[in-house]
Amino acid sequence: MAQAPDWSGLRAPDLAEFERMAQDAFDRLPELFRQRGAGVAIRIADFPDDEMLDALGLESPFDLLGLFRGVGLAQGGDAGLLPTGQMPNMIWLFRRPLLDYWAEHDETLGHLVTHVLVHEFGHHFGLSDDDMERIEAEAG
């Protein structure tokens, strides 16, 4: 029988470690995808704020793993010059809901971060679910 791994010294990744995971996931995306998404800021927070939850009609902060905020390319937005008063395009990844989801499902945390990142960039680009699945597969 195989010996169980020693988890006694391990802890959940903090915000900085999540930021490194997200950057690593972005760096593995296909070149064209990275070029077109270069102007989109990636932010990590423990939870979505109340404004985000209210805008989506969600009651629990655990219901949201990631969020694209801004004007996507599919809506005529641009990652470059922004009209006065418009916030830059951003993708948010939420650490605590991602950790909770990871604990309940059979996939690696790195895969989950990549999946959510691709999905949120997909909103920016106006991609179909099939397109997002293909890009995620290319990212490994």
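Scroll up to find the structure.
Before going into details, it helps to say that this report is about the structure given with it. (Residues numbered from 1 in each chain as written. Predicted model: local features only at pLDDT ≥ 70, side-chain atom pairs only at ≥ 80, totals over all residues. Heavy atoms only, no water.)

Helix length check: helix H1 (residues 15-27) (13 residues) gives 18 Å between terminal C-alpha atoms against 18 Å at 1.5 Å per residue, within 8%. Of all the residues in H1, the buried ones are Phe18, Ala22, Ala25 and Phe26. Buried residues of H1 fall within an arc of 100° about the axis and therefore sit on the same side. Structurally, H1 contributes buried residues whose contacts are with helix H2 (31-36), strand E1 (41-45), strand E3 (90-94), helix H4 (95-104) and helix H5 (109-125). For H1, the N-terminal cap is aspartate 14; the gap from its side-chain oxygen to the backbone nitrogen of alanine 16 is 3.1 Å. (Helix = DSSP H or I, 4+ residues; strand = E, 2+ residues; numbered from the N terminus. Expected span 1.5 Å × (residues − 1). Buried < 20%, exposed > 50% of the residue type's maximum accessible area, 1.4 Å probe, protein only. Arc of directions from axis to C-beta. Contact = heavy atoms within 4.5 Å. Polar contact = N/O pair within 3.5 Å; in protein donor to acceptor, adjacent residues only side chain to side chain.)

Buried residues dominate E3, accounting for five of its five residues. Residues Met90, Trp92 and Phe94 of E3 are buried on one face, and the alternating residues Ile91 and Leu93, pointing to the opposite face, are buried as well. Two elements, E1 and E3, share five bridges in a ladder whose sense is parallel. Bridge assignment links alanine 41 to a residue of E3, and that residue is methionine 90. Relative to E3, strand E2 (residues 66-69) runs antiparallel, the two sharing four bridges. Within E3, the position partnered with arginine 69 by the bridge is methionine 90. (Pairing = 2+ DSSP bridges.)

It is worth spelling out the packing of H4 against H5 at this point. Look at H4 against H5: their axes get within 10 Å of each other, and the N-to-C directions meet at 125°. By the criterion of interaxial angle, the relationship of H4 to H5 is oblique. Once H4 is placed against H5, the crossing between them reads as right-handed. Contact with H4, carried on its side by Leu98, Leu99, Tyr101 and Trp102, involves Leu109, Leu112 and Val116 of H5 and no other residues of that element. (Axes fitted to C-alpha atoms, helices over the stretch in contact; angles between N-to-C directions. Parallel < 35°, antiparallel > 145°, perpendicular 65-115°, else oblique. Left-handed = near helix turned anticlockwise from the far one by under 90°.)

A full pass over the atoms with the stated rule returns six aromatic pairs. Arranged with centres 4.9 Å apart and planes meeting at 80°, the rings of phenylalanine 33 and phenylalanine 125 form a pair that is edge-to-face. Taken together, the positions of phenylalanine 33 in helix H2 and phenylalanine 125 in helix H5 put the pair 92 residues apart, joining distant regions of the chain. Assessed through its relative accessible area of 6%, phenylalanine 33 is described here as buried. With centroids separated by 6.0 Å and ring planes inclined at 25°, the aromatic side chains of phenylalanine 121 and phenylalanine 125 adopt a geometry described as stacked. One end of the pair is phenylalanine 121 and the other is phenylalanine 125, both in helix H5 and four residues apart, which spans about a single turn. (Phe/Tyr/Trp six-rings, centres within 6.5 Å; stacked < 30°, edge-to-face > 60°.)

The next point concerns helix H6 (residues 129-139). Among the residues of H6, Met132, Ile135, Glu136 and Ala139 are the ones counted as buried. Here the buried residues of H6 occupy an arc of 100° about the axis, which is enough to place them on one side. With respect to the buried face of H6, the exposed residues turned more than 90 degrees away are Asp130, Glu133 and Ala137. Structurally, H6 contributes buried residues whose contacts are with H2 and H5.

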